[in-house]
Amino acid sequence: MAKKTAEQIYDDLVEPVFRTSPRFYVTAIALGALVAAALFAWGYQMWAGIGVAGIRRPVFWAFYITNFVFWIGISHAGTLISAILRLANATWRRPITRSAEVITVFALMIGAMFPLIHLGRPWLAFWLIPYPSERGIWPNFRSPLVWDFFAINTYLIGSSTFLLLPILPDFALARDRSTGLRRKVYNLLALGWRGTARQWRSLETAMHIMAISIIPVAVSVHTIVSWDFAMAPVPMWHSTIFGPYFVAGAIFSGIAALIIVMAVLRKVLDLEEYLEPIHFDHLGKLLLMMSLLWFYFLFAERLTTWYGNQTSEMAVFWETQRGAYAPLFWTMVLLNFVIPFLLLTIKRLRTIAGTVVASLAVLVGMWIERFLIIVPSLARKYLPYSWGTYRPTWVEITITLGTFAAMGLLYTLFVKVAPIISVWEWKAGQHKQPAQGGGAREPLAAPQ
Amino acid sequence: MTRRWGMVVDLDRCTGCEACVAACRAENNVPTVGEAEAAKGRAIHWIRVERYWEGEFPDARVRFMPVLCQQCDAAPCEPVCPTYASHHTSEGLNAQIYNRCIGTRYCGNACPYNVRFFNFFNPVWEKPFHLQLNPDVSVREVGVMEKCTFCVQRIKRAEIQAQAEKRELREAEFQPACVQSCPSNALVFGNLNDPSSRVAQLSRSPRGTKLLGELGTLPKITYLEKGAWDGEKNS
Amino acid sequence: MKRREFIQIAGITGATAALAGCGHPEHQLIRFVPEEDLEPGTDEWKPSICPACRAGCGILARVMEGEAEVVRKNQLGLMNMGLVKKLEGNPLHPVSRGKLCPRGQAAIQITYHPDRITDPLRRTGPRGSGEFQRITWEEGLQELTAKIQELVRTGQESALAFFTRPLGVQAGRLVELFLASLGAPPAVAFEVFDEVVLRRANELSFGRAQLPTFDLGNTNYLISFGADFLGTWNSPVAHARAYGEMRQGRPGVRGKFVQVEPRMSQTGANADEWIPARPGTEGILALGLAQVILTEKLRPMRAASDAQNLLEGCARGLPEYTPEEVQKKTGVARATVERLAREMATHSPALAIIGGAPLAQTNGLFNALAVNALNILLGSIGQPGGIFFTPEPSTHARARKQKAISVRALAERITSGEGDSVKALLLYDANPVFGTPPGWRVRDAFERIPFMVSFGSFLDETSILADLVLPDHSYLESWVEHVPESGTTLAVESLAPPAMRPLHNTRSMPDVLLAVAHQLGGRVGAALEWESFDAMLRESLAALSKPGAGGSKEPPMSWEKAQKQGGWWSAPVNSPKFALRTARVPALRSQEPEWDGSPQQFPFHFLPYPSQSFLDGSLAHLPWLQELPDVLATAMWGTWVEINPQTAERLRIEQGDVVEVASPHGKLQAPALLSPGIAPDVLAMPVGQGHRNFTRYARGRGANPLEILTPLVEPETGALAWAATRVRIVRVGQGKLVLFGGDLGVSPRKRSNR
Ligand SMILES: Nc1nc2c(c(=O)[nH]1)N[C@H]1C(S)=C(S)[C@@H](COP(=O)(O)OP(=O)(O)OC[C@H]3O[C@@H](n4cnc5c(=O)[nH]c(N)nc54)[C@H](O)[C@@H]3O)O[C@H]1N2
Ligand SMILES: Nc1nc2c(c(=O)[nH]1)N[C@H]1C(S)=C(S)[C@@H](COP(=O)(O)OP(=O)(O)OC[C@H]3O[C@@H](n4cnc5c(=O)[nH]c(N)nc54)[C@H](O)[C@@H]3O)O[C@H]1N2
Ligand code: SF4
Ligand code: SF4
Ligand code: SF4
Ligand code: SF4
Ligand code: SF4
């Protein structure tokens, strides 16, 4: 890659934060409208009663919990990936870590909404919080839902820190180059970053500690999410494979999300020179690996169930293989395995376009996977007399679409606040020696 | 010794008349959801009579099986509830505290018998139907899970009466609504910890089985299998 | 209500009033001084009688204090009063013995129904439009009395008709006295599923025009021909209790139960052996069984001669009914016939029951007599584990004695515009417009009647034609009385005072008749001198409990005790004796059923059956029963056509598809329900839905199978042969079934057992 001067880098990476094109407003308003629609749907649901959603007995969980699992999964894109890459000191990571971490934080926020949205009486959701109340009763710590509460909050705090720490130097940069109100704001955000050697050292150490500690957190989060299902004696839920299966699926969909986001940023912010084919190629390989891993889990799950041949489990098994849910099932296999496998194994196809197409397939496929894990098991649970069906309503569909819009909107807004590529890390990457102190030798932010 | 309430369902006596279903509805203020909701699979029947066809015409046979909350001793619906709305009482009942329920429906997923029913909307009683409501049983609001309680309000009434009269609760002093109405006496209710009680004796019958017993939920309801006709024995 | 008005009323009545103006409407109502003092939270159990079917189970009503909007002196207000909260069987009552069926449980909704008629009404719109205007009782009674006086004046007393559901003995007697003293023809009692044929058969066989009572608890072998005795027929609660004993009540002994019917009923579903014989051939099968027993001499000769007394040919061993013949006619394998015959002959006490569809054929009487003969042969008459007849408690003639005139005859008389046709009609709780085949033109006939009064509590298809509605109390609000025809071996006269005070501006029908009689005075006034119905009941009970009544040696029971326990009944009579009447019915007469419509054009037998929830449709207005899943179909809130899966496959009909069922007399549409429990050449449909009005819950829901029935009758009794219709079926499109059981759209075949 061509060596760039500080000025060029500044123009390429920081300028867009200040330059706002009409295109931004159009996008923001369009996405905002969709989000508003979703909020309206949710409001309507609270006013009219949860019954306006399509859930019914015995399928008590469906779209909302699917979205919950899906978005928490997506959140594994960032933190986990960038943490691993940081620790592995893969230099090609430098331009992509932040965009990944941003996904994590927003996906978590969105995912964490669904446990509220799906409640019958959301106005009492605060009973999940352990606080000394007049009711004198604590939440039931035996309930996986309470575990969720802790896991997700921990992860949200962790990943937010993980995102915000390395932005400080860039906020400082923005501060130094801006004037007026904006300067005041960035001054606050930069938390008095001056780029002294001490600050650099503590930043690097902090990042190291975070990178190490965030990995077990991320893994635990999706394991616990999987236990929402695995802990209940429901056919094909009650399975030890769910923890790793869910984590793998999470990283799988996370990478896919990251690839798509990168491709969009690359086009929209003209970052062709920063997000290069090589990045997509690397991530493509990662995606392929996860696709194979996912397929292995699927195969292991299906084979053991089929071989074990338990009446109650087979009812669910055949419903997904051959029955009402078969079309969805085979679409999922096509999207999560066949398509990515073809596009990513053949080198000629592992282009930016190729990886993006594969990623889109995986996103849809993984959403379907979450749905197929949840619904058929409930619809075919034990006593056949009590079997049931499920049809989503406009409320659930609107809210689901709204969350994707929300992700887009939050991202669009973020890009207006901070450089989506970590300026100092990228610069550090241009020097041949590792990042430590690199920044310090060439003060980015000299006090005026 | 504390009481352990339990039930026996004699499948050889049960005729599928559904008196139990109607009786439970009348006793426990079970809401009627109407055709549209019923079509969605949201009808609420704390006790139902399951019907299973076996074979084809002309050898078709039917099995009836009344299914209500099995009052499991190891109830999967209990640990998963984040607010203790579904919990175990000292007398081994699986209690449902409506005003604590926030409507996660997790318990409904965990219950292998699908006997937990959810209020998808606020129930309505067209005036003056509301005058029939049983004042001993609180009505449930939207977003709340409900289910068979073993007619706990009747248990409590009897206990309070016994205390007032400073005596022990007598066997068969009261019955749940379904048991009381059942014309063929297919349902028997009582204290399993009292070995002399009818329910305890019948629970030990060789015809006895537990519904989905293999799941280890330790139900307190015992099903007595349908007998076969043994011509020789009778002649 | 405007605030000023409210203050006036409050002033006038002087009742305490809650603060006005605050949002809640009930706080703008005046508060009446309670008419009774009840302890809040405590309950009281009061006896009454279930009105939902002829069995007349004794019930206990749980009464608790509550707060209701009620009308007093034509003034709406709030009152803390005793409200019935729950019904249970009356443990003391010989029929229910503390048990109830689902209909009995749901019957409480009749009292609290939002669409109950709350005040007297006068018709304002055209007939059937349902446009009425509230009037006062004074106006209403005035109008009725005037009309009757006019008839008397013009010497047209005989043009007054009284049309009713089967009444209790005392209410029936009151009505009879009323009509007789006026010189009007006797009342016409109407039921869709009446039991004329069986009563006639029992009269011929046993000298008792009465439904039988069975000692199932001691039966070792039970064969039932089409009788849904555990579900809807005769006295279901009494039967079910005894059935439980038959199965598991006797250590080491478990009675066998065989059901013969082409469509599996709730009762048939419990059978050890289910035998789908061809519709209408039940009598032939019964005699086939008798033939084997006779030829193999499995029963003593005396039994044979007893049977011979009833049915010619028994002595000769019924040569026309060899197993081969029977197999040809009934479709039941000869081996099966022989095996069953031997089993029942060797496992006494054995018992045969007949009811429902087999009696509703053109050869219904033959079928009944054949089964009676089989019972005589099995020696089950008046023996433990056999057939009994509930003793007559009262010296008065039974209200249910068959009247000279039937609904059909009456309708014919009117429509043919014959001489003294009906000028005024009094209607009580009968709905013949819904319950008779269109061929009888009952609606047409009723529309021609110049003046029509209904005492009903709801606007059903018939009472909506009325010019004047004088709404009755609900059964829980009035004095009730009933003499069970069957279900017990004791002599019983059930009787109970009101369990709660009336919610609405209504009056009980007997009291209204008495009031009218008093206004009329003269002969009528003299005949009905009681000031109220309960006075009449009290007198009748005094007569009853004279020693010896109902064959009992009881000391007279006090009026108070009777009210408290829910009636009067004799001491246990171990086996009431009755003579075997020698009727000598030629065995061969009318043994083959007749059908309307050619088998080519109409290849299917059409079997309407009383629905588990609604019986003949008179309970379709109760939401609890609408939402009660039919135990076999698991369907709610609708109706359906049952069809054999193979037949459906052949006709490309899938579960839930809308099908059109056409008979020579009409067609209807309903969703198809695939059931392995129905013969390939039979289509079955529950009666009860398809109401044109009859409350918000029943209106416009499903179709009424009675509307396509052929008007064939059983020749001797003139009873409607409601099972004698042939139909064709065709798929017309996609449809929907509301099923409680299992996945919608999955047919029972695919979803048999786990
Ligand atoms: N608007 C209005 N106000 C009223 C009244 C009214 O009718 N209307 N009624 C008045 C009367 S009579 C009364 S008694 C009071 C009652 O007023 P409160 O005592 O407040 O009664 P609730 O609001 O029913 O219950 C209080 C809280 O306890 C929680 N809770 C439920 N189960 C438990 C448990 O097991 N343990 C603990 N610690 N808490 C639990 C409930 O969720 C609720 O949040 O209200 C008085 N105020
Ligand atoms: N589901 C459910 N049930 C509950 C409770 C709950 O939280 N949930 N709370 C319980 C508790 S704590 C209580 S205290 C009870 C309260 O239950 P209730 O005692 O029934 O209280 P209200 O319904 O408010 O009042 C009863 C009636 O008294 C009437 N009234 C008002 N002023 C007067 C007057 O001056 N004279 C007369 N005669 N009548 C008057 C009102 O119109 C009202 O209809 O409810 C209990 N039941
Ligand atoms: S009431 Fe008794 S007999 Fe009737 S269905 Fe229920 S359990 Fe069976
Ligand atoms: S049957 Fe279901 S609801 Fe009842 S205790 Fe067991 S798990 Fe809980
Ligand atoms: S639905 Fe209610 S009872 Fe069930 S788990 Fe959730 S909070 Fe507990
Ligand atoms: S025990 Fe009570 S609550 Fe449970 S099913 Fe029977 S009647 Fe209903
Ligand atoms: S059988 Fe049922 S409907 Fe008939 S009287 Fe008895 S309880 Fe009522």
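Residues numbered from 1 in each chain as written. Chains lettered and ligands numbered in written order. Predicted model: local features only at pLDDT ≥ 70, side-chain atom pairs only at ≥ 80, totals over all residues. Heavy atoms only, no water.

Q: In this structure, what is going on with the overall build of chain B? I would like to understand it.
A: Helices and strands together make up the secondary structure of chain B, namely seven helices and ten strands. When burial is assessed residue by residue, chain B has 64% of its 235 residues classed as buried. Considering only contacts in chain B between residues 6 or more positions apart, those separated by 24 or more positions represent 62%. Working note: accessible area of chain B is about 8000 Å², and carbon and sulfur atoms make up 55% of it. Separation of charge centres in chain B, based on 29 positive and 27 negative side chains, amounts to 4 Å. (Helix = DSSP H or I, 4+ residues; strand = E, 2+ residues; numbered from the N terminus. Buried < 20%, exposed > 50% of the residue type's maximum accessible area, 1.4 Å probe, protein only. Contact = heavy atoms within 4.5 Å. Areas by Shrake-Rupley, 256 points an atom, 1.4 Å probe, with all protein chains shown as cover. Lys, Arg positive; Asp, Glu negative; His and termini not counted. Charge placed at Lys NZ, Arg CZ, Asp CG, Glu CD.)

Q: Sorry if this is basic, but what is going on with the environment of Leu204(C) here?
A: The residue Leu204(C) is located in helix H6 (residues 196–206) in this model. According to the relative accessible area criterion, Leu204(C) is buried, its value standing at 16%.

Q: Explain unusual backbone geometry to me, please; I cannot follow it from the model alone.
A: In terms of backbone geometry, most residues other than glycine have negative phi values and most peptide bonds are trans. Arg57(A) connects to Pro58(A) through a cis peptide bond whose omega is 0 degrees. Position of Pro58(A) among the secondary structure elements: in the loop between helix H2 (22–48) and helix H3 (63–74). Cis rather than trans, the peptide bond between Lys127(B) and Pro128(B) has omega equal to 0 degrees. Relative to the helices and strands, Pro128(B) is located in the loop between strand E6 (117–118) and strand E7 (145–146). For Phe150(B), which is not glycine, the phi dihedral falls at a positive 60 degrees.

Q: It is not clear to me how the interface of chain B and chain A should be interpreted in this structure. Could you clarify?
A: Taken together, the contacts link 48 residues of chain B with 47 residues of chain A. Inspection of the chain B/chain A interface yields one salt bridge. With its nearest N and O atoms 2.5 Å apart, the salt bridge here joins Arg121(A) to Glu141(B). Of all the secondary structure elements, the ones that give two or more residues to the side of chain B that touches chain A are strand E2 (48–54), strand E3 (61–67), helix H3 (106–110) and E6 of chain B. Here the element with the most residues in the side of chain B that touches chain A is E2(B); it accounts for five residues. For the side of chain B that touches chain A, the residue count by class is 28 nonpolar, ten polar and ten charged. (Salt bridge = Lys/Arg side-chain N within 4 Å of Asp/Glu carboxyl O. Nonpolar A, V, L, I, M, F, W, Y, C, P; charged D, E, K, R; others polar.)

Q: What exactly am I supposed to notice about the confidence of the model for chain A here?
A: Predicted coordinates in areas of low pLDDT are best not read in detail. Per-chain confidence: chain A averages 90 in pLDDT, with 95% of residues scoring 70 or above. Considering only residues more than four positions removed or in separate chains, one finds that residues 433–448 of chain A, a stretch of pLDDT under 50, has 21 contacts. (pLDDT = per-residue confidence, 0-100.)

Q: Honestly, the sheet that holds strand E10 (residues 221–225) of chain C in this entry has me stumped. Any pointers?
A: Whenever strands of a sheet pair, they do so through backbone hydrogen bonds, lying parallel or antiparallel. Residues and elements named next belong to chain C. One open sheet holds the four strands; their spatial order is E12-E11-E10-E13, and the pairing between them is parallel. With one partner strand each, in any of the chains shown, strand E12 (273–275) and strand E13 (350–354) form the two edges of the open sheet. If you compare each strand with its neighbour and ignore which way they point, the axes differ by 15 degrees on average. Across five bridges, E10 lies against E13 in parallel orientation. Bridge pairing in E13 links Ser224 to Ile353. (Pairing = 2+ DSSP bridges. Axes fitted to C-alpha atoms, helices over the stretch in contact; angles between N-to-C directions.)

Q: How should the nonpolar core be read in this particular structure?
A: Soluble globular proteins tend to bury their nonpolar side chains together. Core analysis: the biggest nonpolar cluster contains 269 residues, and Tyr411(A), Met7(B) and Val84(C) have the highest contact counts within it. Once residues within four sequence positions are removed from consideration, Met7(B) is found in contact with Leu68(B), Phe150(B), Pro176(B), Cys178(B), Val179(B), Leu187(B), Val188(B), Phe189(B), Val199(B), Lys220(B), Ile221(B) and Thr222(B). Of all hydrophobic cores here, the second largest spans 72 residues; its members include Ala286(C), Tyr321(C), Met344(C) and Ile381(C). (Core = buried A, V, L, I, M, F, W, Y, C linked by side-chain atoms within 4.5 Å.)

Q: Just checking my understanding: could you explain the sheet that holds strand E7 (residues 160–164) of chain C for this structure?
A: Residue and element names in this part refer to chain C. The seven strands lie next to each other as E6-E5-E17-E16-E15-E7-E8, forming an open sheet whose pairing is mixed. Where the open sheet ends on each side, the last strands, each with one partner, are strand E6 (132–134) and strand E8 (188–189). As paired strands, strand E16 (residues 451–454) and strand E17 (residues 468–469) are joined by two bridges and run parallel to one another. Paired with Ser454 across the bridge in E17 is Val469. Seen against the sheet, helix H4 (residues 137–153) touches strand E5 (121–123), E7, strand E15 (424–428), E16 and E17 and runs at an angle of roughly 135 degrees to E16.

Q: Would you mind going over the interface of chain B and chain C with me for this structure?
A: How big an interface is tends to be stated in terms of the accessible area lost upon association of its parts. Residue-level contacts link 69 residues of chain B with 85 residues of chain C. Between chain B and chain C lies a buried interface of about 6600 Å² when both sides are counted; carbon and sulfur atoms form 56% of it. Counting across the chain B and chain C interface gives eight salt bridges. Two residues, Glu35(B) and Arg701(C), come together in a salt bridge whose shortest N-O distance is 2.6 Å. Between the two partners, chain B and chain C, sit 31 residue pairs in polar contact (both at pLDDT 80 or more). (Buried area = accessible area lost by both parts, 1.4 Å probe. Polar contact = N/O pair within 3.5 Å; in protein donor to acceptor, adjacent residues only side chain to side chain.)

Q: I tried to follow the site of ligand 1 on my own but got confused; where do I start?
A: Every residue close to ligand 1 is listed here: Trp127(A), Glu134(A), Arg135(A), Gly136(A), Asn99(B) and Arg100(B). The site occupied by ligand 1 is bordered by residues of chains A and B. In the model, an oxygen atom of ligand 1 is placed 2.5 Å from a nitrogen or oxygen of the Arg100(B) side chain. Look at ligand 1: alone it shows 900 Å² of surface, and the protein chains cover 25% of it. The class makeup of the residues in the shell around ligand 1 is one nonpolar, two polar and three charged. (Near = heavy atom within 4 Å.)

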